[in-house]
Amino acid sequence: MKKTLATTVPAALIALGLASVASAEIKIGASVSATGPAAFLGDPEAKTLEMLVEEINAKGGINGEKIELVLYDDGGDPNKARTFATRLIENDEVQAIIGGSTTGTSMSILSVAEDAEIPFISLAGAIDIVQPVKPYTFKTPHTDRMACQKIFEDMQKRGIETIGMISGTDGFGASMQAQCKDVAGEYGIKIAADETYDPKDADMTAQLTKIRNTEGVQAVLNPGFGQGPAIVTRNYRQLGIELPLYQSHGVASDGFIELAGKDAVEGVRLPGTALLVADLLAEDDPQKPVVMAYKTAYEERHNEPVSTFGGYAHDGFALLVDALTRAGSAEPEAIRDALEATSALVGTTGVYTMSAEDHLGLDLSAFRMLEVKGGTWSLVE
Amino acid sequence: MPRLSAKSATLLVLAALVVVSPLFFPSGYYYRVGALIFVNGLAVTGIVILTGYAGQISLGHAGFAGIGGYACALAPVHLGLPPALAAVLGVLISGALAYLVGRPILRLKGYYLAVATLGFGILVSMVLNNERQLTGGPDGIIVPDLGLRGLLKDWGLNISNGEFWYFFCGIALLIGAWIALNLRQSPTGRALRALHGSEIAAQTVGIDVARLKLQAFVISAVYASVAGSLLALQNKFITPDVAGFMHSIEMVTMAVLGGAGSVLGAILGAGVLTLLPQVLTVFAEFEQLVLGLVMMLMMIFLREGLLPSLLRKLRGRDE
């Protein structure tokens, strides 16, 4: 008995070892902010990546090779993100990296990835990540600038020319505020009032009153994130302002409607992704099957509503799988070339077509203009 | 057998660790972790001077690290300084600010310094977050390359980025530790430790308590500033996190955990707290929980700090 045990255990161990070596030939690394202040971004991203890797391995992997995911939680700290990126590349020897939930962590990871010539797909918003284009860095989320453009396009259609802005001073709000002011001229829109609030403020009536009293204002735009925009929306109704109110993609979630209250939020417009209105999409919409498949799988597995941020991770992984399939090799160089040649890949955020000059590959059609009607989202045609 | 002085022994142990450890590194990633330990160790050595020697507590030292870091990001762009001189500028600004903040506060006894530095740290962090035009705001800003590695390459010494920063930070830590250990044995150091024991007694024997406390505070601010600069130059990117309140707390925790009274102990604390999050990734979502537990257990069972407690245990066995 003793003898059999002594011989079977090592044999089993060797078999296990061999098996794991043989079946995990594509190693993908990820560093996301699953905890800390950016957990609302990183948590759905981590869950999405784990789910998708399991799904694809259950289907037999890519070109017959299984995928192994090495996932780290950088807690939103760029210094840690850099360490984990180094660890993924030098120690875990991954062939590609997905991650960087925030702009700071993405900028840290990309400099390591570029040095080591490992493809990196960022999940953060800032345009600086892919502009100027860096050979190995790609990203999936649309930029703040595109959100501004989408909003201004809609304003143009409604004949709005003069607006007031009220922005949060957090990273998201401040970045979008700057981008909107920068791009407003192209759409012939004049920003007559430009107010800000601290994300922790509990009342924005003073700023809103100032905007209301500014002559000529036809609509109000609120770039912001978290509870700030919900308070702005409530104060807006309390002051009885009748002008159209635009929110940003930062609050494109059901949570925003709940937080601001169904009555206050009626008629608010914002740019969001197809994921948020999956059920409302036309049957022939190219994004419908992708969005529904992800939404159903995610909500079934995690029992929580799907979020735009998880969608970014979904698209990052889809881009990588598509590139690996086409490249037919897991060499970083080949993956990079294939990523750059991505054409008409349908994701949850939009349809990606990359080129040597464009490592984001989305256009304005990625955003849908949404309006709250009867306490729920609806598409603006 | 001739006995080594505590100072030489500490420096020898440190130098040996810096030089010998790479022999056991299986991959380049370990150089990165090593470099981080050295940078944190340098900042914590400053805390030893302030807290361990002089008995004062600062809750805003990350503010000085932030100044050092952002000096390296901003001075080369706006003032045209080379990054190395930018770090020196950071040191000057940090030292001057520490002097201004410390001068009125350190005349008082008690916890005033902790409260004042708490405010100072938050102030620096707010400026870095909100002055978007200058600092890039919460998204951070790119830091220019130090350029020294390129120079070394020209001289025929071609080492990887990770190796370069490992040895560069290692040397910086050795110099920092050497200065701190010298200070400890100087009249100033003895006076500092005397006022740590009892300010009234120290005053009675003619020690200018306020001036000495201020000196210790300024010196430790300079340490934090240099550490911030090294971190920024190494990462080539910096965000306001470096000046955040959590980073201040982290520094104090490292010093206390390792043993705030001794340089080697504090560096050991920095090493443990830098390594733990890397080791604990195996616990996935329980990582934070285990980290907290480990720290609690250390503080319960090794109350004087890691190194002093362990040394005492070892000695106890000898006797």
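Being a predicted model, the structure only gives us computed values, none of them experimental.

1. Let's talk about the overall build of chain B
Regarding its fold elements, chain B presents 15 helices and 2 strands. In terms of overall dimensions, chain B is globule-like: its C-alpha atoms have a radius of gyration of 20 Å, near the 20 Å expected for 319 residues. A principal-axis box enclosing the C-alpha atoms of chain B has dimensions of 50 × 45 × 45 Å. Taken as a whole, chain B presents about 15,200 Å² of accessible surface, with 69% of it coming from carbon and sulfur. In chain B, the 20 positive side-chain charges and the 14 negative ones have mean positions that sit 12 Å from each other.

2. Concerning the pattern of salt bridges
Enumeration over the complete set of coordinates arrives at 20 salt bridges over all chains. Of the charged contacts, one joins Asp-194 of chain A and Lys-181 of chain A as a salt bridge, the two residues approaching to 2.8 Å between their closest N and O atoms. You can see Asp-194 of chain A sitting in strand β7 (residues 190-197) and its partner Lys-181 of chain A sitting in helix α6 (residues 171-183), a full 13 residues away along the chain. Of the residues examined, Lys-181 of chain A reaches a relative accessible area of 44% and is grouped as partly exposed. A salt bridge links Lys-236 of chain B to Asp-145 of chain B, with the nearest nitrogen and oxygen atoms 3.9 Å apart. Here the residue Lys-236 of chain B occupies a position in the loop between α11 (209-235) and β2 (237-238), and Asp-145 of chain B occupies one in the loop between β1 (141-142) and α7 (148-154), the gap between them amounting to 91 residues. For Lys-236 of chain B, a relative accessible area of 21% translates into the label partly exposed. Sharing partners across several salt bridges, the network here consists of Asp-43, Lys-47 and Glu-304 of chain A.

3. Quick word on the UniProt feature "transmembrane region" (unreviewed entry) in chain B
Residues and elements named next belong to chain B. Residues annotated by UniProt as "transmembrane region" (unreviewed entry) correspond here to residues 32-52, 84-102, 111-128, 164-183, 255-276 and 288-307. For residues 84-102, helix accounts for 100% and strand for 0%, while the C-alpha atoms at its two ends are 27 Å apart. Within residues 255-276, the helical portion is 82% and the strand portion 0%, while the C-alpha atoms at the span's ends are 15 Å from each other.

4. A look at the packing of aromatic side chains
What the rule picks out here adds up to 20 aromatic pairs over all chains. Summarising the aromatic geometry, the rings of Phe-40 of chain A and Phe-225 of chain A are spaced 4.8 Å apart at their centres and angled 40° between planes, so their arrangement reads as tilted. With Phe-40 of chain A in helix α2 (residues 39-58) and Phe-225 of chain A in the loop between β8 (219-222) and α8 (228-238), this pair connects stretches of sequence that are 185 residues apart. Classification of Phe-40 of chain A by relative accessible area gives partly exposed; the value is 39%. Note on Phe-225 of chain A: relative accessible area 22%, which makes it partly exposed. On the numbers, 5.8 Å between centres and 55° between planes, the contact of Tyr-294 of chain A with Tyr-298 of chain A is tilted. You can see Tyr-294 of chain A and its partner Tyr-298 of chain A sitting in helix α11 (residues 288-302), 4 residues apart, about one turn around the helix. We classify Tyr-294 of chain A as buried; its relative accessible area is 3%. Overall, Tyr-298 of chain A belongs to the buried group, its relative accessible area being 0%. One aromatic cluster is present, formed by Phe-25, Tyr-29, Tyr-30, Tyr-31, Phe-38, Tyr-166 and Phe-167 of chain B through successive ring pairs. In this structure, Arg-336 of chain A packs its charged tip against the face of Tyr-136 of chain A, placed 5.7 Å from the ring centre.

5. Thoughts on the interface of chain B and chain A
Each partner contributes to the interface: chain B provides 24 residues, whereas chain A provides 24 residues. Of the roughly 2,000 Å² buried between chain B and chain A, counting both surfaces, carbon and sulfur atoms make up 53%. Seen at the junction of chain B and chain A, the total is 0 salt bridges. For the pair chain B and chain A, the interface holds 8 residue pairs in polar contact (both at pLDDT 80 or more). Among the elements of the structure, α2 (29-53), α11 and α13 (263-279) of chain B are those that each provide at least two residues to the side of chain B that touches chain A.

6. Overview of the domain arrangement of chain A
Residues and elements named next belong to chain A. Split into domains, chain A comes out as domain 1 (2-142 + 291-342) and domain 2 (144-272). A C-alpha centroid distance of 35 Å is found between domain 1 and domain 2. Listed as interface residues are 5 residues of domain 1 and, on the opposing side, 6 residues of domain 2. Between domain 1 and domain 2 lies a buried interface of about 460 Å² when both sides are counted; carbon and sulfur atoms form 67% of it. Summed over the shared surface of domain 1 and domain 2, the result is 0 salt bridges.

7. Observations regarding the state of the cysteines
Covalently bonding the sulfur atom of one cysteine to the sulfur atom of another cysteine gives a disulfide. One pass over the full model with this rule turns up 1 disulfide over all chains. A sulfur-sulfur separation of 2.1 Å characterises the disulfide bridge that pairs Cys-148 of chain A with Cys-180 of chain A. Taking the sign of the torsion about the S-S bond as the criterion, the disulfide between Cys-148 of chain A and Cys-180 of chain A, at about -85°, is left-handed. In this pair, Cys-148 of chain A sits in helix α5 (residues 144-157) while Cys-180 of chain A sits in helix α6, placing the two residues 32 residues apart along the sequence. Free of any disulfide, Cys-72 of chain B has its nearest neighbouring cysteine sulfur in Cys-169 of chain B, separated by 12 Å.

8. Focus: the UniProt feature "domain: Leucine-binding protein" (unreviewed entry) in chain A
When the UniProt feature table is mapped onto this chain numbering, "domain: Leucine-binding protein" (unreviewed entry) sits at residues 25-361 of chain A. From the first C-alpha to the last, residues 25-361 of chain A spans 28 Å; its make-up is 44% helix and 17% strand.

9. Observations concerning the environment of Thr-169 of chain A
Along the chain, Thr-169 of chain A falls in the loop between β6 (162-168) and α6. Sequence separation between Thr-169 of chain A and Tyr-197 of chain A is 28 residues; the distance between their C-alpha atoms is 6.1 Å. Leave out the neighbours within four places in its chain, and Thr-169 of chain A touches Ala-174, Thr-196, Tyr-197, Asp-198 and Pro-199 of chain A together with Asn-130 of chain B.

Rules and cut-offs
- Residues numbered from 1 in each chain as written.
- Chains lettered and ligands numbered in written order.
- Predicted model: local features only at pLDDT ≥ 70, side-chain atom pairs only at ≥ 80, totals over all residues.
- Heavy atoms only, no water.
- Helix = DSSP H or I, 4+ residues; strand = E, 2+ residues; numbered from the N terminus.
- Rg over C-alpha atoms; globule rule 2.2 N^0.38 Å.
- Areas by Shrake-Rupley, 256 points an atom, 1.4 Å probe, with all protein chains shown as cover.
- Lys, Arg positive; Asp, Glu negative; His and termini not counted.
- Charge placed at Lys NZ, Arg CZ, Asp CG, Glu CD.
- Salt bridge = Lys/Arg side-chain N within 4 Å of Asp/Glu carboxyl O.
- Buried < 20%, exposed > 50% of the residue type's maximum accessible area, 1.4 Å probe, protein only.
- UniProt positions renumbered as here; feature names shortened; annotations may be inferred.
- Phe/Tyr/Trp six-rings, centres within 6.5 Å; stacked < 30°, edge-to-face > 60°.
- Lys NZ or Arg CZ within 6 Å of the ring centre and 35° of its normal.
- Contact = heavy atoms within 4.5 Å.
- Buried area = accessible area lost by both parts, 1.4 Å probe.
- Polar contact = N/O pair within 3.5 Å; in protein donor to acceptor, adjacent residues only side chain to side chain.
- Domains from an automatic or database assignment.
- Disulfide = S-S within 2.5 Å.

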